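Fold and geometry: a report
Take a look at the letters that make up each chain.
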Amino acid sequence: MLDINDLKRDSITTDMETLSLKVQKFAEGKRLEIETLNERESYRREFLGNISHELKTPLFTVQGYILTLLEGGLEDVDIRDKYLERANKGVERLVSIVKDLDMISKLESSDLNLSISTFNCVELVQDVFDLFEMKAKRKNILLRFDKNYDVPILVKGDVERIEQVLTNLIVNSIKYGKMDGTITVSIESYKENKLLVKVTDDGEGIKQEDIGRLFERFYRVDKSRSRDQGGSGLGLSIVKHILEAHNESIFIESEYGQGSEFSFTLEIA
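Residues numbered from 1 in each chain as written. Predicted model: local features only at pLDDT ≥ 70, side-chain atom pairs only at ≥ 80, totals over all residues. Heavy atoms only, no water.

**Quick word on the overall build of the protein chain**
So the rule is basically this: Numbering of helices and strands starts at the N terminus; helices are DSSP runs of H or I of at least 4 residues and strands are runs of E of at least 2. Three exposure classes are used, based on accessible area relative to the maximum for each residue type with a 1.4 Å probe and protein chains only: buried under 20%, partly exposed in between, and exposed over 50%. In this analysis, two residues are considered to be in contact whenever any of their non-hydrogen atoms come within 4.5 Å of each other. Residue exposure ignores everything except the shown protein chains as possible cover, and the areas themselves are Shrake-Rupley values with a 1.4 Å probe.
For the protein chain, the helix and strand inventory stands at seven helices and seven strands. The linear arrangement of helices and strands in the protein chain, starting from the amino end, is α-α-β-α-β-β-α-β-β-α-α-α-β-β. Looking at the protein chain residue by residue over its 269 residues, the buried ones come to 39%. Long-range pairs, those at least 24 residues apart, make up 73% of the contacts in the protein chain with a sequence separation of at least 6. When the accessible area of the protein chain is evaluated, it comes to approximately 16,800 Å², of which 51% is carbon and sulfur surface.

**What about a nonpolar patch on the surface?**
To keep things clear, this is the line we draw: In this analysis, a patch consists of residues with relative accessible area above 30% that form no salt bridge, clustered at 9 Å for like charges and at 5 Å for the nonpolar side chains Val, Leu, Ile, Met, Phe, Trp and Tyr. Salt bridges are defined by distance alone: a side-chain nitrogen of Lys or Arg within 4 Å of a carboxyl oxygen of Asp or Glu.
Taken together, the side chains of Met16, Leu19 and Val23 define a hydrophobic patch exposed on the protein surface, amounting to about 290 Å² of accessible area. With respect to the secondary-structure elements, Val23 resides in helix H1 (residues 9-70). By relative accessible area, Val23 is classed as partly exposed at 48%.

**Some points on unusual backbone geometry**
In this structure, Asn140 is a non-glycine residue whose phi angle is positive, near 55 degrees. Relative to the helices and strands, Asn140 is located in the loop between helix H3 (121-137) and strand E2 (142-145). The backbone of Asp180 shows a phi angle near 65 degrees, a positive value even though the residue is not glycine. Position of Asp180 relative to the elements: it lies in the loop between helix H4 (159-176) and strand E4 (182-191). What makes Asp180 exposed here is its relative accessible area of 53%.

**Things to note about the pattern of salt bridges**
Under the counting rule described, the total for this entry stands at five salt bridges. Its salt-bridge partner being Lys137, residue Glu133 comes within 3.8 Å of it at the nearest N-O pair. Of this pair, Glu133 and Lys137 both sit in helix H3, four residues apart, roughly one helical turn. Overall, Glu133 belongs to the partly exposed group, its relative accessible area being 38%. For Lys198, the salt bridge identified is with Glu188, shortest N-O distance 3.2 Å. Of the two residues, Lys198 is situated in strand E5 (residues 194-201) and Glu188 in strand E4; the sequence distance between them amounts to ten residues. Owing to a relative accessible area of 31%, Glu188 belongs among the partly exposed residues under this scheme.

**Concerning the side chain of Asp201**
Rules: Within 3.5 Å is the distance limit for a polar contact, defined as a pair of N or O atoms, with the added protein rule that one can donate a hydrogen and the other accept it, and that residues adjacent in sequence qualify only through two side-chain atoms.
One can find Asp201 in strand E5. Separated by 2.9 Å, the side chain of Asp201 and the backbone nitrogen of Gly203 make a polar contact.

**Quick word on the packing of H3 against H4**
Each pair of packed helices can be summarised by the angle the axes make with each other and by the distance between the axes. Heads up, the condition is: For every element, the axis is a line fit to its C-alpha atoms; helices are fit only across the contacting stretch, and the angle between N-to-C directions ranges from 0 to 180 degrees. Helix crossings are classified by the rotation of the near helix relative to the far one: an anticlockwise turn of less than a right angle makes the crossing left-handed, while a clockwise turn makes it right-handed. Here the term charged refers only to Asp, Glu, Lys and Arg, the term nonpolar to Ala, Val, Leu, Ile, Met, Phe, Trp, Tyr, Cys and Pro, and the term polar to all other amino acids, Gly among them.
Their axes nearest at 10 Å, the elements H3 and H4 cross at an angle of 35 degrees. Here H3 runs over H4; the crossing is right-handed. Between H3, through Leu124, Val125, Val128, Phe129, Leu131, Phe132, Lys135 and Ala136, and H4, the contact on the second element is made entirely by Val159, Ile162, Glu163, Leu166, Thr167, Ile170, Val171 and Ile174. The class makeup of the residues in the contact of H3 with H4 is 13 nonpolar, one polar and two charged.

**Considerations on H4**
Rule in force here: Multiplying 1.5 Å by the residue count of a helix minus one yields the expected span of that helix.
Here H4 spans 26 Å end to end across 18 residues, near enough to the 26 Å set by a 1.5 Å rise per residue. The buried fraction of H4 amounts to 15 of the 18 residues, a majority that puts the element mostly inside the structure. Between the side-chain oxygen at the start of H4 and the backbone nitrogen of Glu160 there is a gap of 3.2 Å, and the oxygen is on Asp158.

**Overview of the environment of Lys178**
Structurally, the position occupied by Lys178 is in the loop between H4 and E4. Look at Lys178 and you get partly exposed, because its relative accessible area is 43%. When the C-alpha atoms of Lys178 and Asp202 are compared, they prove to be 7.0 Å apart, with 24 residues separating the residues in sequence. If we skip the residues at most four places from it in the chain, Lys178 touches Lys139, Ile141, Asp202 and Gly203.

Put into structure tokens, the structure is as follows:
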């Protein structure tokens, strides 16, 4: 006969406590999963809204100019030339957005094959300076090194992609730089086999609440002003993806109203 005293009450209690903990852990896991899904859905809606707006603006602009020409503007040579030029700028912006989206898609899917080689970092920076010297001069911005680099500094990476990183950072600094300002590039030791490339400007700077979102696709600190200045709104996102594909890091320091410093690592050859 079963003696009620033989029942292991402590074991049952322990099992119930374990079950309760498991249920709590399961519920917490599901709660976090739901929060993640909600965040992703929110990000998806924001992304679709942003891309819709980015594409819609130049599309409507191009459509407006073409309709004006079709409705009689072609007869006036001055209007025709001016509107065709403006329509072309709108098409160029559309092409830029599509190219940048394609680039990000390849980077995110690891479909972009990097061609790693050894190259001179100093020479690459100077090449980018030469490309954008005229663009900088329109705002009387000086592009310069922090010091004379008399000997080559050899690094490893996909030279075309790293050039794109430098291009996007310098163009961004010109865009938000102040009149008569300066953009400085420095190359410094970082770790045993790494160096740090810094792009520093004395422009507008970035508010602290915006820094965490700078590398998001289409995120703009000043949406109306940024769109007026052109660009796809994907430059910094592409920078981040290219560097991540190289297993490198990017950092930012900024003080609103004082300027910004973007820096990234490269492997020493």
